[in-house]
Amino acid sequence: MKAPTRTLYTVVVLACVALGCSEPPSAPEEELRAWVARGIEGAENKERRKLMGMVATAYVDARGNERDDIDGLLRVYFLRQNNITLLPKIEEITIYDDTAGKIVMTVGMAGTNDGVLGFSADAYRFALELEKDANEWQLISARWGELGDELR
């Protein structure tokens, strides 16, 4: 490298270190971000079957829910809400051997309904555990709680 090019490179590297620049996301991380985006779109469009296709048949969580229980929760939520808007914020994605991952995220949830006020709004925090099976990421377990409460 010529001296000016090397100096520029050094300045860029030092600036990235000082500003907290990170490496570009890995392929599995990009896949998980796309998985979240598909899930958000499916929920906002009330596409329960699409969402359930993202949940492993062996799903089980700490609350004792299995896949059918999650299907029931979605069914009730979608029936109660006329319109759904979700505002996700991914806090952390952890990848294990490119075939398993964990996503921690906060989701603001707003919906219009036929209730007293005509709308509802909540914020939840989720910890999602996923496995990659046959090139598809599947939710195998989840913990969640209202923002500020313990995840369970």
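Predicted model only: the values in this text are computed from it and were never measured.

Draft legend 1. Inspection of the layout of surface pockets at higher detail. Its volume calculated, the largest pocket comes out at about 1100 Å³. If you go around the largest pocket, you meet 36 residues; those closest to its centre are Ile70, Leu74, Met109, Phe126 and Trp144. When residues of the lining of the largest pocket are traced back to their parent elements, those giving at least two are helix 2 (27–44), helix 4 (67–80), strand 1 (83–96), strand 2 (100–112), strand 3 (119–133) and strand 4 (136–146). Sorting elements by how many residues they give to the lining of the largest pocket places helix 4 first, with seven residues.

Draft legend 2. Just the environment of Ala123, in detail. Relative to the assigned elements, Ala123 resides in strand 3. The exposure class assigned to Ala123 is partly exposed, which follows from its relative accessible area of 27%. Spatially, the C-alpha atoms of Ala123 and Pro88 are 9.5 Å apart, while their sequence positions differ by 35 residues. Setting aside chain neighbours within four positions, we find Ala123 in contact with Val107, Gly108, Glu146 and Leu147.

Draft legend 3. The sheet that holds strand 2, seen in detail. What the four strands build is an open sheet, ordered 1-2-3-4; its pairing is antiparallel. Two strands in the sheet have a free side with no partner beyond their single neighbour: strand 1 and strand 4. Strand after strand, the sheet turns through a mean of 25° between neighbouring axes, direction not considered. With 13 bridges connecting them, strand 1 and strand 2 associate as antiparallel partners. Pairing of Thr94 across the sheet is with Lys102, part of strand 2.

Draft legend 4. Quick peek at the pattern of salt bridges. Evaluated as defined, the whole model comprises six salt bridges. Residue Arg125 is joined to Glu91 by a salt bridge in which the shortest nitrogen-to-oxygen separation is 2.8 Å. In this pair, Arg125 is assigned in strand 3 and Glu91 in strand 1, connecting sequence segments 34 residues apart. According to the relative accessible area criterion, Glu91 is partly exposed, its value standing at 36%.

Draft legend 5. Representation of the nonpolar core in the model. Among the nonpolar cores identified, the biggest contains 28 residues, and Trp35, Ile103, Leu128, Leu130 and Leu139 are the most heavily contacted of them. Where this core is concerned, the elements lending two or more residues are helix 2, helix 3 (48–52), helix 4, strand 1, strand 2, strand 3 and strand 4. Here this core gets five residues from one element, more than from any other, and that element is helix 2.

Calculation rules
- Residues numbered from 1 in each chain as written.
- Predicted model: local features only at pLDDT ≥ 70, side-chain atom pairs only at ≥ 80, totals over all residues.
- Heavy atoms only, no water.
- 1 Å grid on protein atoms, 1.4 Å probe; cavity = no way out; pocket = protein on both sides within 12 Å on 5 of 7 lines; lining within 4 Å.
- Points joined across faces, edges and corners; volume = space filled by probe spheres on them.
- Helix = DSSP H or I, 4+ residues; strand = E, 2+ residues; numbered from the N terminus.
- Buried < 20%, exposed > 50% of the residue type's maximum accessible area, 1.4 Å probe, protein only.
- Contact = heavy atoms within 4.5 Å.
- Pairing = 2+ DSSP bridges.
- Axes fitted to C-alpha atoms, helices over the stretch in contact; angles between N-to-C directions.
- Salt bridge = Lys/Arg side-chain N within 4 Å of Asp/Glu carboxyl O.
- Core = buried A, V, L, I, M, F, W, Y, C linked by side-chain atoms within 4.5 Å.

By themselves, these are just geometric observations and shouldn't be taken as functional.
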